[in-house]
Amino acid sequence: MRTRQRWKTQAGVCLAVAFVAAGALGAVQPATGIPAEVVQLTQFGPALGVGAAALLWPSRTRSLLADPSGRTASPPGRTTSPPGRTASPPGRAGPLPWLLLAVPVLVILLSAVPYALLTHTAHVTDPRTLGHPFLLIALAQLVGACGEETGWRCFLQPLLRTRFGPLAASAAVGLAWGLWHVQVLAQSPAYAAGFLLATVAISVTLGLALERLGGLRRLLLAGGFHALVNLGMLLFMDEETGRATPMVLFGLACALTAAPWIRRFPRRPAVTIPATTG
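Residues numbered from 1 in each chain as written. Predicted model: local features only at pLDDT ≥ 70, side-chain atom pairs only at ≥ 80, totals over all residues. Heavy atoms only, no water.

A. Spotlight on a nonpolar patch on the surface. Taken together, Phe19, Val20, Leu175, Leu179, Val182 and Leu185 make up a surface patch of nonpolar side chains, about 510 Å² in accessible area. If you list the elements that add at least two residues to the nonpolar patch, you get helix 1 (3-32) and helix 6 (166-180). As for its placement among the helices and strands, Val182 is situated in the loop between helix 6 and helix 7 (189-209). (Patch = residues over 30% accessible without salt bridge, like charges linked within 9 Å, V, L, I, M, F, W, Y side chains within 5 Å. Areas by Shrake-Rupley, 256 points an atom, 1.4 Å probe, with all protein chains shown as cover. Salt bridge = Lys/Arg side-chain N within 4 Å of Asp/Glu carboxyl O. Helix = DSSP H or I, 4+ residues; strand = E, 2+ residues; numbered from the N terminus.)

B. How the structure looks around the layout of surface pockets. Roughly 1,100 Å³ of internal volume is contained in the largest pocket. Around the largest pocket sit 36 residues that line it, and Gln40, His181, Gln183, Asn230 and Glu239 are the ones nearest its centre. Of all the secondary structure elements, the ones that give two or more residues to the lining of the largest pocket are helix 1, helix 5 (134-161), helix 6, helix 7, helix 8 (215-236) and helix 9 (244-264). Considered class by class, the residues forming the lining of the largest pocket number 19 nonpolar, 13 polar and 4 charged. (1 Å grid on protein atoms, 1.4 Å probe; cavity = no way out; pocket = protein on both sides within 12 Å on 5 of 7 lines; lining within 4 Å. Points joined across faces, edges and corners; volume = space filled by probe spheres on them. Nonpolar A, V, L, I, M, F, W, Y, C, P; charged D, E, K, R; others polar.)

C. Structural view of the packing of helix 3 (residues 58-66) against helix 5. Remark: helix 3 packs on helix 5, axes separated minimally by 8 Å, with the N-to-C direction vectors making an angle of 105°. Classified by the angle their axes make, helix 3 and helix 5 are roughly perpendicular. The segment helix 3 lies against helix 5, with Arg60, Thr61, Leu64 and Leu65 engaging Thr150, Cys154, Phe155, Pro158 and Leu159. Of the residues in the contact of helix 3 with helix 5, the class split is 6 nonpolar, 2 polar and 1 charged. (Axes fitted to C-alpha atoms, helices over the stretch in contact; angles between N-to-C directions. Parallel < 35°, antiparallel > 145°, perpendicular 65-115°, else oblique. Contact = heavy atoms within 4.5 Å.)

D. Spatial organisation of unusual backbone geometry. With a phi angle near 60°, His120 is a residue other than glycine that sits in the positive phi range. For His120, the location among the structural elements is in the loop between helix 4 (103-119) and helix 5. Overall, His120 belongs to the exposed group, its relative accessible area being 73%. (Buried < 20%, exposed > 50% of the residue type's maximum accessible area, 1.4 Å probe, protein only.)

Here it is, written out as structure tokens:
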């Protein structure tokens, strides 16, 4: 199979396993006794998708996980980037990348405050009223988020990045991530639209912010961001009721916080990676 076509098979295998594994893990969770409030086993579906890719393409998978641009994923003297595509040069990430973790706080603020004003109610959950210790929930949420992000931002994003620009690759991953939450599609159209807007916007923020990062730092930043969003919604929103308003507000807040990253990204230094045939 030609290298420039193989990425489609690799992405397809990862996504297929992620979808099937998530369904299977969700079905067996009640039998495990693990409370869904603490962690949902479905979150490890994308990691299993990466595991399947690693069994079939071990060196390719290792390269993608280590290098966010995918430059090391091809044999020496060959590149998988299409003509005219650019990628950030190797080296250090942008200034203070850990400040990315402040964005989820802003997202929750921009969605929870308008929701409280609209409903005249502060939808705040006291952590002490949860069925399990909040510290346990927070740690489990981080582990579960890292399970997801191993597939989305650490494998699929770099894989698509070898064929598309950073914005297009990020948006495509966000759409796949949103559709992976198939249960959301059973909600109202407004609810589903708000959720998909959120996943695409978050994916764009993470894809652009982590463009130069690979390895463990990429995983921890993406997982930390993801976990903070989940915990914020647990404590300050009630979208789990199926109401469309909080989800639409959440999606709009994610889009607002993604806009500065989209505007800022083209200013970053970039180098053109020449394409080769075959």
